[in-house]
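Notes for the structure review
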Amino acid sequence: MDDFIPYGRQAIDDDDIQAVIDVLKSDWLTTGPAVSAFEKAFTDVTGTRFATAVSNGTAALHAAMFALDIKPGDEVIVPAITFAASANAVLYQGGTPVFADVDPDTLLIDPASIDECVTEKTRAVVAVDYAGQPCDYDQIRPLCDQHGLKLVVDACHALGASYKGRPAGVIGDINVFSFHPVKHITTGEGGMVATDKPEYDEKVKIFRNHGITADNRQRALQGKWFYEMTALGYNYRLSDIQCALGLSQLKKLPQWIKKRREVADRYDRLFSHSDMIHPLAVRPDVEHAYHLYVVQIDVDRGGVFTIMRQAGIGVNVHYIPVYLHPYYRDLGYKTGLCPKAEAAYGRILTLPMFPGLGDEQIQRTAATLAGAVDHLRNG
Ligand SMILES: *Cc1c(COP(=O)(O)O)cnc(C)c1O
């Protein structure tokens, strides 16, 4: 359909294209200077001492679990409502994800539920800044400290967000980002691990390069051939081609965040009079990055979804509680584990949200949604 409105879409301009062309004509296609330039620019946004580029957000989560030395027998608390990768990374290391329930108004991990999930085996918490809203870190951080847990922030939705004036991505012991095309900036595929702790950063840099202690370029520059593999790492590198694109995209982040907030504001106003369409709550102490705009609706969500898609509006559902996926059910997780997450799952709908979304598209989306809800309410 020509006038189909997707739920998310990248924006690539001539500067982005030129940046990629420049790298293609240069000496380094990977492990070159564009990688460190992107990483350096990224630390200016996150405010962390270190940032390490990796091949995607999932690799970033895996690297975080490796850096924290998560291993078989260890438990890691993860919210029920997130992309599966947040929990899968725990499984990659042989650990056990333990699912915490969410706050029904924000769908962010509920600190009280974290507290209930802690056992002697718990090693870390993965807090997901769902939709782009930072979690309740003034509650979560002391909880982690009290129980001796490390905090990983899955900030894949939250680049450009802040919590009480602190940028998302500086709050966790380790913070991870994704540059998939639907996220705030894109490198095609890509991810970043940001931390203040040199020991974690060193482990992540080794992990992304087969567990080898020096990379190609370092060796070439030093005129050396010798290297050692000290851990079982992976090839999780991000190429210079991708990093040049990321660096160029990063320059546009502030204006894009502003645009996303304007879109959210428009939707908020359009739904302010509805008693059936409820945008997720936003706490006053956060600057939301609006990766997603999610509403909860009081009529049959499946019916609304179908009407919206038939009208050419790319609505989505983020997310199925992770443990309800067949793979997790086979591991023994059962329906009923996180009742609030399960109830929310039946009511949530993600509306189109990206910087290039036009006002006419916003109005069409809101009007179609209101019409669908009315239609279903009246049977
Ligand atoms: C996108 C996303 C990831 C994974 O990122 P990829 O780059 O697609 O691997 C992980 N967690 C959350 C919450 C995400 O939205």
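Along each chain, numbering runs from 1 in the same order as the chain's sequence is written. A pLDDT threshold of at least 70 governs which residues receive local features in this predicted model, and a stricter bar of 80 or more applies before side-chain atom pairs are shown or counted, although totals over entire chains, interfaces and linings include all residues. Heavy atoms from the whole structure form the basis of all side-chain values; hydrogens and water molecules are not counted.

1. Some words on the pairing of strand 5 (residues 150-154)
The element strand 5 is extensively covered by neighbouring structure, given that four of its five residues are classed as buried. One requirement defines pairing of two strands: DSSP has to find at least two bridges between them. A run of H or I in DSSP becomes a helix once it reaches four residues, and a run of E becomes a strand once it reaches two; helices and strands are each numbered from the N terminus. Examined bridge by bridge, strand 4 (residues 122-128) and strand 5 share five bridges and lie parallel to one another. Bridge assignment links Ala124 to a residue of strand 5, and that residue is Lys150. By definition, the crossover connecting two strands over a helix is right-handed if that path, from the first strand to the second, turns clockwise as seen with the strands pointing away from the viewer. Taking the sense of rotation as the criterion, the β-α-β connection linking strand 4, helix 6 (residues 137-147) and strand 5 turns out right-handed. Of the strand pairs in this sheet, strand 5 and strand 8 (residues 174-178) are connected by three bridges, and their pairing is parallel. Residue pairing across strands places Val153 opposite Asn175, the latter belonging to strand 8. With a 1.4 Å probe rolled over the protein chains alone, any residue whose accessible area is under 20% of its type maximum counts as buried; one over 50% counts as exposed, and the rest are partly exposed.

2. Digging into the sheet that holds strand 3 (residues 96-100)
If you trace the seven strands from one edge of the open sheet to the other, you get 1-9-8-5-4-2-3, paired in mixed fashion. Each end of this open sheet is capped by a strand with a single partner; those strands are strand 1 (50-54) and strand 3. Direction aside, the axes of adjacent strands within the sheet are offset by 25° on average. Pairing geometry for strand 2 (residues 75-79) and strand 4, over three bridges, is parallel. Of the residues in strand 4, the one forming a bridge with Val76 is Ala124. Of the strands in this sheet, strand 2, strand 3, strand 4 and strand 5 are in contact with helix 4 (residues 85-92), which crosses strand 3 at around 150°. In this analysis an axis means a line fitted to C-alpha atoms, helices contributing only their contacting stretch, and an angle means the value between N-to-C directions, from 0 to 180 degrees. For this analysis, residues touch if any pair of their heavy atoms sits within 4.5 Å.

3. Concerning the pairing of strand 9 (residues 191-195)
Within a regular strand, side chains alternate between the sheet's two faces. With five of its five residues buried, strand 9 lies for the most part within the structure. Of the two faces of strand 9, both are covered, the one formed by Gly191, Val193 and Thr195 as well as the one formed by Met192 and Ala194. One ladder, built from five bridges, connects strand 1 with strand 9; its direction is antiparallel. Within strand 9, the position partnered with Thr52 by the bridge is Val193. Pairing of strand 8 with strand 9, which is carried by four bridges, proceeds in the antiparallel orientation. Among the inter-strand pairings, Ser178 is bridged to a residue of strand 9, identified as Gly191.

4. Looking at the pattern of salt bridges
A side-chain nitrogen of Lys or Arg and a carboxyl oxygen of Asp or Glu constitute a salt bridge if their distance falls within 4 Å. With the rule as written, the count across this model stands at 22 salt bridges. Salt-bridge contacts for Arg261 lead to Glu287; the nearest nitrogen and oxygen are separated by 3.5 Å. Note that Arg261 is positioned in helix 10 (residues 253-271) and Glu287 in strand 11 (residues 286-287), a separation of 26 residues in sequence. A residue is classified by how much of its surface remains accessible, and Arg261, at 27% relative accessible area, is partly exposed. For Glu287, a relative accessible area of 41% translates into the label partly exposed. A salt bridge links Asp359 to Arg266; the nearest nitrogen and oxygen atoms lie 2.7 Å apart. Of this pair, Asp359 sits in helix 14 (residues 359-377) while Arg266 sits in helix 10, and the two are 93 residues apart along the sequence.

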